[in-house]
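# Survey of secondary and tertiary structure
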Amino acid sequence: MNIISINGSIDSYSRYLLQCDLADASGQPCTVVINSLGGYVHEGVAMAHLIQAHGNVTVEIRGFIASAATIVALGAKSVKMHTSSMWLAHKCMQWVDAWGNYNADEIAQMIKQLEAAKKNNEAIDLNIASIYLNKCGKKGKNMADVKQMMTDATWMTAQECLDWGFVNELIQDGEVNVNDDIKMVMNSFKLPIPGAQRTSATNVEPEDKEPSWLGKILAAITHKPADNKDEEIKQLKDNIANLEDKISQLNLVSDEYKEVIALLDSVSDEVKGETDNRKKMQMVISIINDIPANIPMQQKDKKDINKFAGVATDPVNFYVEE
């Protein structure tokens, strides 16, 4: 099975990449994984046509999907959606820039331009609504329902999308927690923020499953001290050195991400009080880097222990009796 990813803005670049990926998989079934807050309507329509032309394409919605990205998804033969994902449809928007001092004639001209822009937007909205209605009409929805949905611009859950007929199947997983990072991204796209926060279920890996890199890092941070303290500290530093890069690769709303943040919070009250997760990571890394390796602390150095007052009490960090 060919897996194609659309992760980011819907624009000419993502349309070109999709065209190339579908061409490479010519005549073969494909799964297109989408995590996108949208972009340009015309590119979304073009990408939907590319998917339709290819034929045997399944779209998997993984993350948040909004605006033009929803149009892309509806070009597929079948659409699957993770239960932690969310969907947003809204009326089209275009840039309006009016700033300065204008006389009556100039204002009249501006009004004409805005009226023309409004008509264009209404035409595009009708086209988008027709695309949605082609799917949800089978569930008994009508054009008035679709227009109201677009006017409300409300985030829909996966179950609601299934009820509307936008998706054919749900993929069960944990629920989404809309944290500050996701809110920042949505604000940059001028999209509504989901009103309710949802807590996620904890995923437990089978005992016989090979631990992921994340599991190894978590195990390293919470490991029991061995006899050789210097080796323990070296191992701890090696495992946590690339923690920030690794966490940045995680989905910001994933269970693994929240598990790591909760673990960082347990280091100290100072770390827990930091609201910026990136700074939180740097604080923990700085604390780890400050721990001296290969230089055992003698009893006379006890006064220096205050330097690490923010570090959780652990024999690995406090080995003054050595």
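Everything in this summary refers to the structure shown in the same document. (Residues numbered from 1 in each chain as written. Predicted model: local features only at pLDDT ≥ 70, side-chain atom pairs only at ≥ 80, totals over all residues. Heavy atoms only, no water.)

Quick look at the overall build of the protein now. Counting secondary structure elements, the protein contains 13 helices and seven strands. Within the protein, the proportion of its 322 residues that are buried is 40%. Of the contacts formed within the protein by residues at least 6 apart in sequence, a portion of 65% connects residues at least 24 apart. (Helix = DSSP H or I, 4+ residues; strand = E, 2+ residues; numbered from the N terminus. Buried < 20%, exposed > 50% of the residue type's maximum accessible area, 1.4 Å probe, protein only. Contact = heavy atoms within 4.5 Å.)

Right, let's talk about the packing of helix H4 (residues 104–136) against helix H5 (residues 143–152) for a bit. Between H4 and H5, the least distance of the axes is 9 Å, while the angle of their chain directions is 120 degrees. What the angle tells us is that H4 and H5 run oblique. As H4 packs across H5, the resulting crossing turns out to be right-handed. For the pair H4 and H5, the contacting residues are Asp-125, Leu-126, Ile-128, Ala-129, Ser-130, Tyr-132, Leu-133 and Cys-136 in the first and Met-143, Val-146, Lys-147, Met-149 and Met-150 in the second. In terms of residue class, the contact of H4 with H5 is made up of ten nonpolar, one polar and two charged. (Axes fitted to C-alpha atoms, helices over the stretch in contact; angles between N-to-C directions. Parallel < 35°, antiparallel > 145°, perpendicular 65-115°, else oblique. Left-handed = near helix turned anticlockwise from the far one by under 90°. Nonpolar A, V, L, I, M, F, W, Y, C, P; charged D, E, K, R; others polar.)

Relative to the assigned elements, Asn-142 resides in the loop between H4 and H5. At 2.8 Å, the side chain of Asn-142 forms a polar contact with the backbone nitrogen of Asp-145. (Polar contact = N/O pair within 3.5 Å; in protein donor to acceptor, adjacent residues only side chain to side chain.)

Quick look at H5 now. Buried within H5 are the following residues: Val-146, Met-149 and Met-150. Within H5, the buried residues cover an arc of 95 degrees as seen down the axis, which keeps them to one side. Residues of H5 that are buried make contact with H4, strand E6 (156–157) and helix H6 (158–164). Here H5 starts with a cap whose side-chain oxygen sits 3.1 Å from the backbone nitrogen of Ala-144, and that cap is Asn-142. Of the residues one or two after H5, Ala-153 is the one with positive phi, at around 50 degrees. (Arc of directions from axis to C-beta.)

This part covers empty space enclosed by the protein. Here the structure, examined in full by the defined rule, presents two cavities of 30 Å³ or more. Roughly 60 Å³ of volume is contained in the largest cavity. Lining the largest cavity, in full, are Val-41, Ser-67, Ala-68, Ile-71, Ala-89, His-90, Lys-91, Cys-92, Ile-128 and Tyr-132. Mapped onto the lining of the largest cavity, the elements with two or more residues apiece are helix H3 (68–73) and H4. The class makeup of the residues in the lining of the largest cavity is seven nonpolar, two polar and one charged. (1 Å grid on protein atoms, 1.4 Å probe; cavity = no way out; pocket = protein on both sides within 12 Å on 5 of 7 lines; lining within 4 Å. Points joined across faces, edges and corners; volume = space filled by probe spheres on them.)

Let us now look at unusual backbone geometry. Look at Ser-67: it is not a glycine, yet its phi comes out positive at around 55 degrees. Notably, Ala-153 is not glycine yet its phi reads approximately 50 degrees, a positive angle.

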